[in-house]
Every structure is written in structure tokens, then in C-alpha cells.
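# Overview (structure and organization)
Each chain, written out:
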Amino acid sequence: MNILEKIIADKYREVAERKSLIPVKLLEKSIFFDGKVVSMKKYVTDPEKSGIIAEFKRKSPSKGLINGAASVEQVSIGYMQAGASALSVLTDQEYFGGSSEDLKVARKFNFCPILRKDFVVDEYQIIEAKSIGADCILLIAAALEPEKLKSLAYFAKSLGLEVLLEVHDGEELEKSLNDGVDLVGVNNRNLKTFDVSIDTSLELVSAIPSSFVKISESGISDPKTLIELKKAGFDGFLIGENFMKSSRPEQAAYNFIKEFKKLAASELSEV
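Residues numbered from 1 in each chain as written. Predicted model: local features only at pLDDT ≥ 70, side-chain atom pairs only at ≥ 80, totals over all residues. Heavy atoms only, no water.

### With respect to the environment of glycine 170
Structurally, the position occupied by glycine 170 is in helix α8 (residues 170–176). Here glycine 170 falls in the partly exposed class, since its relative accessible area comes to 33%. Through-space distance from the C-alpha of glycine 170 to that of leucine 238 is 20 Å; in sequence the pair is 68 residues apart. (Helix = DSSP H or I, 4+ residues; strand = E, 2+ residues; numbered from the N terminus. Buried < 20%, exposed > 50% of the residue type's maximum accessible area, 1.4 Å probe, protein only.)

### Brief notes about the pairing of strand β1 (residues 52–56)
The element β1 is extensively covered by neighbouring structure, given that five of its five residues are classed as buried. Alternating positions in β1 separate into two faces, Ile52, Ala54 and Phe56 on one and Ile53 and Glu55 on the other, with burial throughout. Here β1 runs beside strand β10 (residues 236–239); their pairing, made up of three bridges, is parallel. Within β10, the residue paired with isoleucine 53 across the bridge is leucine 238. Relative to strand β4 (residues 86–90), β1 runs parallel, the two sharing four bridges. By the bridge assignment, alanine 54 is partnered in β4 with leucine 87. (Pairing = 2+ DSSP bridges.)

### Here's the deal with the packing of helix α1 (residues 3–21) against helix α6 (residues 123–131)
The contact between α1 and α6 brings their axes to 10 Å, and the two run at 65°. For the crossing formed where α1 meets α6, the hand is left-handed. Only Tyr124, Gln125 and Glu128 of α6 make contact with α1, whose side of the interface consists of Lys11, Val15, Arg18 and Lys19. (Axes fitted to C-alpha atoms, helices over the stretch in contact; angles between N-to-C directions. Left-handed = near helix turned anticlockwise from the far one by under 90°. Contact = heavy atoms within 4.5 Å.)

### With respect to a nonpolar patch on the surface
Among the surface-exposed residues, Leu21, Ile22 and Leu26 lie close enough to one another that they form a single nonpolar patch of about 290 Å² accessible area. Relative to the elements of secondary structure, isoleucine 22 occurs in the loop between α1 and α2 (24–27). (Patch = residues over 30% accessible without salt bridge, like charges linked within 9 Å, V, L, I, M, F, W, Y side chains within 5 Å. Areas by Shrake-Rupley, 256 points an atom, 1.4 Å probe, with all protein chains shown as cover. Salt bridge = Lys/Arg side-chain N within 4 Å of Asp/Glu carboxyl O.)

### Quick notes on unusual backbone geometry
The phi angle of most residues is negative, glycine excepted, and most peptide bonds adopt the trans form. Even without being glycine, serine 218 reaches a positive phi, approximately 80°. Mapped onto the fold, serine 218 is located in the loop between β9 (213–217) and α10 (223–232).

### Things to note about the packing of aromatic side chains
Aromatic rings in a pair are described by how distant their centres are and how their planes are angled relative to each other. Evaluation of the coordinates by the stated rule reveals four aromatic pairs. Between the aromatic rings of tyrosine 79 and phenylalanine 243, the centroid separation amounts to 5.7 Å while the plane-to-plane angle is 55°, which identifies the pairing as tilted. Here tyrosine 79 is found in helix α4 (residues 72–82), whereas its partner phenylalanine 243 is found in helix α11 (residues 241–244), with 164 residues between them in sequence. Of the two residues, tyrosine 79 and phenylalanine 243, neither departs from the other in class, the shared state being buried. (Phe/Tyr/Trp six-rings, centres within 6.5 Å; stacked < 30°, edge-to-face > 60°.)

### Quick word on α6
Counted residue by residue, α6 has eight buried out of nine residues, so it is predominantly covered. Along its buried surface, α6 packs onto α1, α2, β5 (114–117), β6 (136–140) and α7 (146–158). A side-chain oxygen of the first residue of α6 lies 2.7 Å from the backbone nitrogen of tyrosine 124; this N-cap is aspartate 122. Immediately beyond the C-terminal end of α6, within one or two residues, lies glycine 133, with a positive phi of roughly 100°. (Polar contact = N/O pair within 3.5 Å; in protein donor to acceptor, adjacent residues only side chain to side chain.)

### Observations concerning the pattern of salt bridges
Tallied over the full model, the rule gives 23 salt bridges. Here lysine 11 ties to aspartate 92 by a salt bridge, and the two come within 2.7 Å at their closest N and O atoms. Placement of the pair is lysine 11 in helix α1 and aspartate 92 in the loop between β4 and α5 (100–109), with a sequence separation of 81 residues. Judged on exposure class, the residue lysine 11 and its partner aspartate 92 are both buried. Put simply, arginine 189 and glutamate 241 hold a salt bridge, and the shortest N to O gap is 3.6 Å. Note that arginine 189 is positioned in the loop between β8 (183–187) and α9 (199–204) and glutamate 241 in helix α11, a separation of 52 residues in sequence. Of the residues examined, arginine 189 reaches a relative accessible area of 10% and is grouped as buried. The buried category is assigned to glutamate 241, whose relative accessible area is 16%. Among the charged side chains, a salt-bridge network with shared partners connects Lys11, Glu14, Arg18, Asp92, Arg116, Asp118 and Glu128.

### Notes on α4
Taken together, the buried positions of α4 are Val72, Val75, Ser76, Gly78, Tyr79 and Ala82. Along the axis of α4, the buried positions cluster into a sector of 165°, meaning they face one direction only. Directly after α4, the chain includes glycine 83, whose backbone phi takes a positive value near 110°. (Arc of directions from axis to C-beta.)

### Some remarks on the nonpolar core
In this structure, Ile52, Tyr79, Leu139, Phe237 and Phe243 are the most contacted members of the largest nonpolar core, which totals 87 residues. The element best represented in this core is helix α12 (residues 249–270), accounting for six residues. Beyond its immediate stretch of four places on either side in the chain, isoleucine 52 contacts Ala84, Ser85, Ala86, Leu226, Phe237, Ile239, Phe243, Phe256 and Ile257. (Core = buried A, V, L, I, M, F, W, Y, C linked by side-chain atoms within 4.5 Å.)

Below, the structure is given as C-alpha cells:
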């Protein structure tokens, strides 16, 4: 059993337990449930913004503890002040050290799109995402059968949420793409081996129809890489570990985005 299969098996058990503890009716009473969704598509493609979805995560299965001391409030506010287009917040506790509370805190202090980053296998988690203030959910092609993924995407749409589909190769893209999806993320990290290569994004970008917002995820540590990905056709970039491994993730994001904007301006002046 690879790590993804183990996470998914544990997730089904976790969701069953949460369903028995907190009924849907209670989730629907949340102050966030009827809130207006902020469009991830719109913010990521806004030319005035960086296109960066800055991620808050404490640990990961591949790296272990990345930053156990970071404050969601401080980092999320700092990310937005640094010029990020949107936030991604890990809510998986067992493998990533996150929680629903983290996302609620980020929502309380920021008016921007927030992606609930988790392993969604059930409609209950989508209702939960809405109840904690998320605007967008992640659906992972490697974790879901195409029909199940499609029905979850449509369910998210029925609640007004946007959907980021995550793929790792051309086969997943072909099988899982559907019109319930808003953004397509190419994960440069192989979830089975955890090897990372930007080539994954560069190979797949032209296969993603232009009607979808294109995001490159994982393994981005150099602003120059963003220029390369942007030229290849990507609209947005999900960056977490590169910021979070710093003692001040918000400052790391500020420096990175400043450098990226400088590079982008000089590239454009050469055109």
C-alpha cells in the first residue's frame, strides 16, 4: 500500500467518525455556511496579482515536521500582504498537522479565496468545507474513480464552491476532467514516490483545455521557475513548503514574490 492509499483508507474512517459526531444540520448552521464564495479562478487570473496560492502546512508525510511553530493568523495575513492571490490551508490532521480550525482562523482574517486542502472522498467533507469558510475544494484524480470525482465536483458546485482538480499525469487528466471542475492543478510531486519534477507540469500544460485555469503545484523554489511556467501557459502556482520551511513564512513569501515581480517586469520589457 503506497502512502496515498494509506491516507485515503484512513480518511474514510475519519469521515465516518466525524459524521457520527457532527451532523450535517449542525454544519449548515455555521456562520460561514451562507457566506459569499470568493472566486479562486478570478483572483488567480487577475493580472494585478501574482497568481500564487500560498499554502499553510505544518508537516507532510515526505518531509515530516516543516514548521510546527507558525501562527495561521500571522502567516495568512502576511501571505496576502506579500502579494499572494489566494490561500491554501491543510486541514488533514494525521498526516499534515492541520485542522478545520486553521482554515476558520485564515477565513476570519482574510478576504481572499481559500482552498481547503484535504483528501476529499465524501460529500460530507464538502459541506464541512463550506461550513469552515472555504471557497474551493481539492479533488485528487489519483484518489477517486472518475465518476465519483465528477459527482463530488457537481455537489461542490451545487453549494457554490469552486473545484481544483489535481492530476499527476496525462491519463489522470483524460479520465478525470469534467465540467464541474474550475481549475486544474498539475502536481509535480509523485504521490506514490514523492519525487518532484517541474517537467511534469511542462509536459501536461498543453493537454489542459484553455477553458480551465491552470495551476502548477509542488516543488517550486525559484522565482525563475514561475517565469518558465507562466510562459508555458500556467495561470497560477501553489507554493507551500518553500515558504513554510522558513522561520518566517510570510517574509519568505514577500521576498519570493518581490523577486518574481521584478523578473516578470524585466521579461515583459524585453518583449
